[in-house]
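Here's the letter readout for the chains.
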Amino acid sequence: PAANIGSDQLDNAENPRRKLWPGMCQAKKEDVPGATETQRKMEKIVAMHQKDLSKARQVVSSWLTSNGFPVDANGKKGVLFVTFALHEAVKQRNSYIVAKL
C-alpha cells in the first residue's frame, strides 16, 4: 500500500504521517501527543542541571581562591615555578575538584 501513495499525497496536510514525524513534517507541538509533558520533564532536568552547575562553580571558585589561584580555572600560580590548579587538585587528591576542573 505504501508504494501506491504518490508524493502529492504525502505532502497533503491531512496526511496522518505528518503527526507521527513532527521533526520531518514540521507539525505543530499541539499535534504531538504528550509534547507538553515531555517538555515539562526536559525543563525540570535542565533546571536541576543548572542548579548543580551553579553549585559546582561556587565550590570550584572558593577552592581556587583558597589555594591562591585566580578565579579562572586555567590560571597559573607562581612566577618561577608554575603550578596549575588541576595539578594542585590532583596533588591534594581532591577528586571532586579534579572532575569539575
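Residues numbered from 1 in each chain as written. Predicted model: local features only at pLDDT ≥ 70, side-chain atom pairs only at ≥ 80, totals over all residues. Heavy atoms only, no water.

With respect to the overall build of the protein chain
For the protein chain, the count of helices and strands is six helices and two strands. Ordered by position from N to C terminus, the α and β elements of the protein chain give α-α-α-α-β-β-α-α. Looking at the protein chain as a whole, 14% of its 101 residues qualify as buried. Long-range contacts, defined as pairs at least 24 residues apart, comprise 23% of the intrachain contacts of the protein chain with a sequence gap of at least 6. With the model as given, the accessible surface of the protein chain reaches about 8500 Å², and the carbon-plus-sulfur share is 56%. (Helix = DSSP H or I, 4+ residues; strand = E, 2+ residues; numbered from the N terminus. Buried < 20%, exposed > 50% of the residue type's maximum accessible area, 1.4 Å probe, protein only. Contact = heavy atoms within 4.5 Å. Areas by Shrake-Rupley, 256 points an atom, 1.4 Å probe, with all protein chains shown as cover.)

Some words on the nonpolar core
By size, the foremost hydrophobic cluster in this structure holds seven residues: V60, W63, L64, F69, A85, A89 and I97. Of all the secondary-structure elements, those providing two or more residues to this core are α4 (35-66) and α5 (85-91). The leading source of residues in this core is α4, at three residues. (Core = buried A, V, L, I, M, F, W, Y, C linked by side-chain atoms within 4.5 Å.)

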